[in-house]
Every structure is written in structure tokens, then in C-alpha cells.
Amino acid sequence: MPDLLFEIGTEEMPALEVPRLAAELKAESERAFSAAHLAYKRVDLHYTPRRLVLIVRDLASVQEDQVKEVKGPPAAVAFNPDGSPTQAAIGFAKTQGVAVEALERVEVEKKVYAFARQTVPGRKTVDLLPEILPPLVKRLHPSKSMRWDNSGITFLRPIRWLVCLYGKEVIPVTLGTLRASRVTRGHRFLEQEEVTLESAAVYETALEEALVTVDPQAREEAVIGSLKEAARKLKGEYLIDGELLGRIVNGGEHPTPVLGHVSTEFINLPAEVVQATLREEGKFVPFILSDGTSPYFMGFRDGLRDEKGIVRAGFERVVRARLRDSQFFFDKDRHCPLAERVRELRKVIYDVRLGSLWDKVERIRALAGEIVIRTGRGTPADIDRAAFLCKADLVTELVKAFPELQGVAGKIYARLDGEPDTVAVAIHEHYLPSFSGGELPQSDVGIVISLADKLDTVVGALLAGEEPTGSRDPYGIKRQANGLIHLATAKGIDLDFLDLIHVSQEIYTTIEQKVEMSNVVKFLTERVRQFLRHYCNIPADVIAAVSAAEVGNFYRLLRRAQVLTTWRKRETFQSLVIAFSRVRNITKSVETDQFDPKLFTQEAERVLWREYLKVEGQLTRFFKTGDYAEAIERLVVLKEPIDRYFDDVLVMAKEEDLKRNRLGFLSALAGLFLRIGDFSVIVTDNAPS
Amino acid sequence: MNVQEIILQLHNFWRHQGCLILHPYDVETGAGTFNPATFFGTLGPSPWRVGYVEPSRRPTDGRYGENPIRLRLHHQYQTVLKPPPAGIQEIYLTSLEELGLKLAEHDVKFAEDDWESPTLGAWGAGWQVWVDGMEITQFTYFQQMGGVTLDPVSVELTYGLERIALLLQEKESTYGLQWNDEVTYKTLWWEKERQFSIYNFEAAGVERIQEMFGLCAEECRASLAVGLVFPAYDYALKCSHLFNVLDARGVISVTERESFIARIRDLAKGCAKGYLEIGENVA
């Protein structure tokens, strides 16, 4: 079977958006081909900033035959008693285009109808494609659509050509004023830009010859390959994130490396500033050498190798000009110590409802102080100094020019100002983690300020009524909450955050609160559940189980969940769950856990009571230390006496006082388990690992 | 190629593309887009092609003449094509070749940049064109101007003349450029940059300028009320420039900023609306 090639040629699309649009095109085309009953092997996806390309491998040349059934009049109307067709049947058969003799009787919901059934032969693929392909383009969702002519077509950028080949045959697909042909375009800066394609099969190689690497994976491998090679030669590392990599890989059709050198005149500019300038101003990739300096960078030219060094000279000239700008900002910032800048934060609005950045700093100081008292982490003096300085760099020229340097600039300036190193480090660390799963603060001071800042942001935004909906999250509070939870669990912060939010709320004295505190509790509870599920791989039933107990101490919540996740696979645990479920089910609606041992009448009751007392004492200790594995170990001891209890004792005794006493006791017993979680919701059979 | 040769070359190139060659507007503007030849030219259905130089004043970008590339006043070469021809990107690239830039030896990128002007109530989709990492042109398909959705759309090409000259003359500082073969950019512009930077950042009379802003806005509205859109637009431009001076002077708070911009936008929208009501053919 031949391959189908459909290429949408455009003016340069935004690098970061192309991959998403291409994936959408692939999904839409797969859907369209199945809906059209066209068989194929697979859809290959290629893209560059100038083209979205579908290659459908082994596409069937004919649509599968379709059996079409149409319900007609009821049999009683369609046929005379002797079985001969009535006028109604004849008319129906005619409109359906079948012989009246071919009508069938089919029972539908206990009533018989005349049915026309016919096999519709599949249409030819070449005839179908002009109907299938153009609507795909209209079904894509660019972040922003534009018009460029009067065709009525809108897209991310102007569409300038179409190629559509089924095997060797051109399929005359049209879109707006364009009509597909076999002529594509090679790299923009080749002398002969147009490339005529013999067939769909030669597409990739023909374009590679025309200096266009259509496979994004191949471009990425080439880019990473040259970065690794250069890093090895320089005995350093390259610094790149997903966004910069995406801009390079999808910002050109044939990225070719150009290694550049940073002029020695910037030897005294901190490496972080050099790196940020390279990244932000030129989309260049900085290298960091073992001595911490960044004297080299790699740019990517779209085209052939820069044999004459013209591009390299140009890149270096731009870098020099930009670094002079950064140097100017840096020198200007150094005229005023960080501590004196804090005053300027009064003039910077954090949010109209939540006050200035100064107000935020004051709240961070108060919350951080509270966290120190509750956890004993860090020295109060350092924490207060770091909290006081943590936002001061936001009014420096450097951070205004490079927002990504927030925190980093603060750390550099604090050190130069002679602040304690713990304070300087914490100014940087309090922004961490800066993305999901990113690096965490390591120092106690950094951890405390980070927790305080994040909690303040989340509580403030929620109280102001900015609860995230769908993809709208202007304060990024989902990320902030995740960062908080990640930090608290990873660093073992033994602190009830659902209690701490009330301290945070009290600090917000001036704000008009749009929502109840219960919404904040709900939001954080949901975030922590999501975190357990997606970040810690805790099974859903375990999350449900531990959520029945206290959830505000995120660290302990995770510990309990991890212990239960391990235990739920053991056989002993499964029988314990069964035993507990009996206790739990019978006591669900019981409101008291009061009982009087004197009212126990049976030996099994007294045995269980004695075991209960022993275990309760032990558990109190383990709960204090957070040793939940040991706690469950002790609970297992209760299994036997519980089973015996239910064998021997009739809980729902006729005597009301006996019954109430037994239920009260069982309630107390259930309460022991419920401090870890509701074991009865744990799925133990064939529990997935 | 010196700066004035670049200008002459671009004039020559675009006149052959059917552009009217016009002149800078004689009221201060922040960009060539503010020139009536673009603002009104892009409105309405009639075809329109124009090219001109626009000295563009950006008070906040002033650096007292101390920064090699940031300028309080830079020169744009502005081209507008309505409707845009299908090969407009290629035509643009040819114009660079004709300036003596051998594109095959350089790195040329069309880097996404969706332009918008909140004060003009305008936005478009397009790019910054980068040559060897230096931004030399803003390339925009205008979608809206003065709050009016454009039909047909226009393409605006805004060449940064100083940037292109830096590239062609292989210089690192704007002040080292040759305007012609005898006169340098520094001779012509350095002292002006220094004085205007001091004026904009330190000396401008805040109360007088605020008063002027109010008077100009009033004059704009009064002219609009009697259907005089072109005089009205001149005063909207003055408002825009006075706002930029106040902004550089550091006296506009975050919240005030929004309301200043909204006021200017309303004036611009009024001008666009009035212009379309009169009927562009009268223009």
C-alpha cells in the first residue's frame, strides 16, 4: 500500500507551539481515518517551524465496504397479510434504492419492522482525501489565530503551500486559495528553494538534501550531541532547560552549532548573570566550567556550518553588547545595599487586594517566626534577616531585566553586602522548588522562608477569591501548593499546615475575604491527595484510607500512606483488614466511644479489652515518634481476639445497656486504627503493586 | 553602507514595490505605527502601500548616551502593505540582500513576537527578525487598529535602522556608526541623547506635563466632537508622548498607568471610529 504525505507549509510558527499543534494534527487525522473506515499501518509525525507533516504509512487505497441498514415502516403496515408488499413498502424500498423483494423483517424492541439492508462499496481513498484532509486544519487549536488574506482561513501563521501525495499521485486537496501539489520548499536560504517530490516515500530524504531535518527527534539529537561534544572538549557542562531546548530544536529547520567565546572584559560579572544574559538575550546555551565561570556559549544557526566565522563574530558582538547592558545594571545595583532597598518594596504592588511587596515581606516574617517556634528549625535571627531581605532584589535593575534571576541576584548582592552566608543562601533557596520536581532548598533557613512564602501566597490568593479554575491559575498557587507539600514531605517538616493556615489568615487583617477558610482547607487537602497519587505513586485506596485520619501534617500523612502501601500486600494485613472492617461496619453510626468494662459478660470481651489496653499504650508512643510500621505491627496482635470476639459475642444484645456498652467499646477500638487510616477501604485482593 | 545610504536604498527598494515614499510625522511618536500614514492607512478597505523613516521617541529607553544600543530616540524604516502579497517574507528578505547582507552567510530567524499596542488599541501576529542574534526588524500582520478589526489585514515591516547599520558596519556601539562617510552618529545624536535623558528622567516639569496631558486630551475630544479626526489624532499623539515622559520621570504608579493607557486608547479608538464614519476616501 502506498504512503500518504500531507504537508502544510507555513510562515514560521512559534517554536514552543509547533509540537502541540503537530500532536493535535496527528490525533485528529487518526480519528478522521478511522471514522472514514480507511485502514493504515501508522501515522508518522514530522514538523519544523515552517511545516506540519503527516505521513500515513500503508494507507488502504479503498474504503472498507459499509453495510447500511435503514429501518422502514412496521411490518404490519409494510406487508399485506399474504406477505406481499404494500404501497408503503414499495415506496420505502424505492427511496432506499433497494429491490422491494430484498426488504427484511427485523424485530426492534418487540415490534417487527421492514428493513432495507445494503452493502455500500467503499469509495476510493484518492476521492476521499480532499474531503478528509482540509477540515483537519480547521480542527486544530492554535493559542492565537490570525488572518493573512481574504480566504476566510485563520491559523497560527499564514499557510503558504500544500503538498499532498498518495504514493506518486498528487491529490488536489484545497484550502482557502491554495491547491496541493508535489512541490515543497527546502531551506529558505538555499539558492534553489523549491523541491519537486517524486513520491511520498522520498519526502524525508529529499528534504534532508534540501537542508531541512523534518524529524524533530533527529534535530534534538543533533543539538544535544553537539552540546555534549563541546562540553566534553571544554571540560564543563552545558546549561539548558526544556524551554530553551524547544526554542532551538523547533526554532529552525536545520540547527547547526556555533561555539562562541565571552569577552574577558566581563570576568568580574557573576557567572549567573552571564548565563542569564546568554540565555535570555540571545537564546544561547551557556557552558559552566569546573572553576564556576561561563566563558563559552553555543548558539545554533539555522543553516549550514558557519565556515567563515561570520555568524560566530555576529553572535559574539551581540553577546558583548548585551553583557555591557547587564554590567551596567550590576554596577548600578551595587550603589545601594540590599537592606536599603527593602523600603522601596512599599511602592511595589503585589496585588491590589493583598497589598505591597513590603506587606508580603512582613507576612513572611511573621509566618516564618511561627514555623521556627513550632519546628525548632533554623536560628531565629538568621530567619528574620533572610525573610526581611528575601524580596529586595525584585527592585534591582538586574532582576527587572532578567526576572529569572530573582533570588539569585539577591544571593549575590547579599554576599557582597557582607550578610551572613546562611542568609544569602536562603534568599535564593526560598524560591525553590521553581518547577514541579525541581531542586529543593537545603538549608534550614531556606526551607522555613520557602514554606512561609508559599503558604502566604496560597492562602492570600484563595482568600481574595482567586481559586484556580481549569488552566486559569494567575497566582500559580497550584504550583506553590505542590512546592510546599513536596518540601514539607521531603524534608520531614513535622507541622500541621491546616492548623498553620489559621495563623496565616490572622496575619491578613486588611483583606476582604471572599471565601471561607474551609475552602482553603479543601484546596490544600485536594492538592495533597493529588501529590500522593501522582508524585508518590500511592494507590487511590490507600489515599482514601489515610485521608480518613488527620491530613494537615503532610509529612506524617505520606509516612502513613507509605507504610500502608507496603503492608497492604502482606497476608497478615489482609486478615487484619477483614477483622477491622467488622469492627468498623458495626460502629459506623455509633457516636460514643465510652464503655464500662464492668458490663462485659463474656471472656472474649475481657480478652479483647486487655489486648486493647496494651496496644493503646504502645501506639501512643509510636504515633508520637511517627513510627507507623511499628504501630501496625502492634495492631496485628488484635486480629485474633477480634475474630474470637465476633465468634463468641452477640454485639446487638437484647439488653439495651449491654448493647450500648459493646458498641462504645468497639468504637474505641476502631478509633485506634482510625488514627492511621480507615483500613476498611483498602483493597487487599489482587492489590496492584 | 552608511546610515543615509541604507535609508536611500530602502526608499528605492520599496518605491519599486509600489510604495508611496512619505516622511516622518511632525508630531512626536513612539514608533512608525503612530504615524497617520500607518494608523489611518491600515483602516478601511482601500489598498495602501507606503514607506517612510520615523524617528521614534522612547523616553524610558534613554541611557544618557552611555549604552551602546539602547536609545531614547532611534530611527525606524516603516513599510505598510495592505493587503500583503503572498510572498511578503521573501520580498522582505530580498530588501535585506539589496542592503548588501549576504543572507546565506548569516543566521536569519523569524522569532515569534506578537506585537500589540495597548495605547493604540492594536495588535497583530508576527516576528522579530534576528540576524546573527541581533533583532533588526519587527514584522507584523496587523489584525486590529484603533479597536477596529482590519479587513483586509496589513503587513507592517519596521526596520531598526541603527541595528541594521551596526550589522552592516560591523560596529558594537551605535555612536560609532557613520551617518554618511564624514559624519558619525555620535556627532549628530550623542549630546541630544544626554540632554533628553536628563530631561526625561530628572528635569521634566511634572505638573506642567500633567496639565499639558489634560489639555491635549481635552482638545482631542473637542475636535472629535465636531468630526475633525485628523486634528484630534495629533492631540492623541501628543498625549501618548507626554504619558511616556511622565512614565520615564517615574511619577506614574501601577494603577495610574492602566488608566492613562485606557484614556489614550479611548482617544485613538475615537479617531479610528470617526475616520471610518467620514469614509476613508475623503482622506
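Residues numbered from 1 in each chain as written. Chains lettered and ligands numbered in written order. Predicted model: local features only at pLDDT ≥ 70, side-chain atom pairs only at ≥ 80, totals over all residues. Heavy atoms only, no water.

### Some words on the packing of aromatic side chains
Move 1: Across all of its chains, the model carries 44 aromatic pairs over all chains by this definition.
Move 2: Each ring, one from Phe595 of chain A and one from Tyr612 of chain A, has its centre 6.4 Å from the other, and the planes form 75°; the classification is edge-to-face. Here Tyr612 of chain A lies in helix H23 (residues 603–625) and Phe595 of chain A lies in the loop between helix H22 (571–587) and H23, a separation of 17 residues in the sequence.
Move 3: Taking 5.1 Å as the distance between ring centres and 85° as the angle between the ring planes, the aromatic pair formed by Phe39 of chain B and Phe40 of chain B counts as edge-to-face. (Phe/Tyr/Trp six-rings, centres within 6.5 Å; stacked < 30°, edge-to-face > 60°. Helix = DSSP H or I, 4+ residues; strand = E, 2+ residues; numbered from the N terminus.)

### What about unusual backbone geometry?
For residues besides glycine, phi is generally negative; the peptide bonds are generally trans as well.
Move 1: The amide bond that connects Lys82 of chain B to the next residue, Pro83 of chain B, takes the cis arrangement and shows omega of -10°.
Move 2: Locating Pro83 of chain B in the fold gives a position in the loop between strand S3 (73–82) and helix H3 (88–98).
Move 3: One non-glycine residue, His37 of chain A, lies in positive phi territory at about 55°.
Move 4: Structurally, His37 of chain A is set in the loop between helix H1 (18–35) and strand S2 (42–48).
Move 5: Phi is positive for Lys110 of chain A, close to 65°, though the residue is something other than glycine.
Move 6: Secondary-structure assignment places Lys110 of chain A in the loop between strand S5 (104–108) and strand S6 (111–120).

### Examining the pairing of strand S16 (residues 296–302) of chain A
Residues and elements named next belong to chain A.
Move 1: In terms of residue burial, S16 counts as a mostly covered element, since six of its seven residues are buried.
Move 2: Pairing of strand S14 (residues 255–261) with S16 involves seven bridges; the strand directions are antiparallel. Note on S16: the bridge partner recorded for Leu259 is Met298.
Move 3: Linking two consecutive strands that pair antiparallel, namely strand S15 (residues 285–289) and S16, is a turn of six residues; a positive phi of about 85° is found at Gly292 within it. (Buried < 20%, exposed > 50% of the residue type's maximum accessible area, 1.4 Å probe, protein only. Pairing = 2+ DSSP bridges.)

### Details of the sheet that holds S6 of chain A
Residues and elements named next belong to chain A.
Move 1: Pairing is antiparallel across the open sheet formed by three strands, whose spatial order is S4-S6-S5. The two strands at the open ends of the sheet, each matched to only one other strand, are strand S4 (66–74) and S5. When the angles between neighbouring strand axes are averaged without regard to direction, this sheet yields 45°.
Move 2: Pairing of S4 with S6 involves seven bridges; the strand directions are antiparallel. Counterpart to Val67 in the pairing with S6 is Thr119.
Move 3: Packing against the sheet, helix H3 (residues 87–96) makes contact with S4 and S6, and its axis sits at approximately 155° to S4. (Axes fitted to C-alpha atoms, helices over the stretch in contact; angles between N-to-C directions. Contact = heavy atoms within 4.5 Å.)

### Overview of the pattern of salt bridges
Move 1: A complete count under the given rule lists 67 salt bridges over all chains for this structure.
Move 2: Here Arg72 of chain B ties to Glu193 of chain B by a salt bridge, and the two come within 3.6 Å at their closest N and O atoms. On the criterion of sequence distance, the pair formed by Arg72 of chain B in the loop between strand S2 (48–57) and S3 and Glu193 of chain B in helix H5 (residues 185–203) is long-range, its members being 121 residues apart.
Move 3: Take Glu193 of chain B: its relative accessible area is 1%, and that puts it in the buried class.
Move 4: In this structure, Arg194 of chain B and Glu191 of chain B form a salt bridge, with 2.9 Å as the shortest nitrogen-oxygen distance. Pair noted here: Arg194 of chain B and Glu191 of chain B are both in helix H5, with a separation of three residues, about one helical turn.
Move 5: Arg194 of chain B sits in the partly exposed class, given a relative accessible area of 30%.
Move 6: Assessed through its relative accessible area of 34%, Glu191 of chain B is described here as partly exposed.
Move 7: What you see here is one network of salt bridges that share partners, running through Asp3, Arg42, Asp44, Arg57 and Glu204 of chain A. (Salt bridge = Lys/Arg side-chain N within 4 Å of Asp/Glu carboxyl O.)

### Overview of the packing of helix H8 (residues 271–282) of chain A against helix H9 (residues 310–333) of chain A
All names here are of chain A.
Move 1: Between H8 and H9, whose axes approach to 10 Å, the crossing angle comes to 125°. By the angle class used here, H8 and H9 are oblique. Where H8 crosses over H9, the two elements pack in a sense that is right-handed. Touching Val273, Val274, Thr277, Leu278 and Glu281 of H8 are Val319, Arg322, Leu323 and Ser326, all from H9.
Move 2: Of the residues that constitute the contact of H8 with H9, the class distribution is five nonpolar, two polar and two charged. (Parallel < 35°, antiparallel > 145°, perpendicular 65-115°, else oblique. Left-handed = near helix turned anticlockwise from the far one by under 90°. Nonpolar A, V, L, I, M, F, W, Y, C, P; charged D, E, K, R; others polar.)

### Observations concerning the domain arrangement of chain A
Move 1: Each domain of chain A was delimited in the assignment, giving domain 1 (4–62 + 124–209), domain 2 (66–120), domain 3 (216–333), domain 4 (339–535) and domain 5 (557–681).
Move 2: One C-alpha centre belongs to domain 1 of chain A, the other to domain 4 of chain A; they are set 47 Å apart. (Domains from an automatic or database assignment.)

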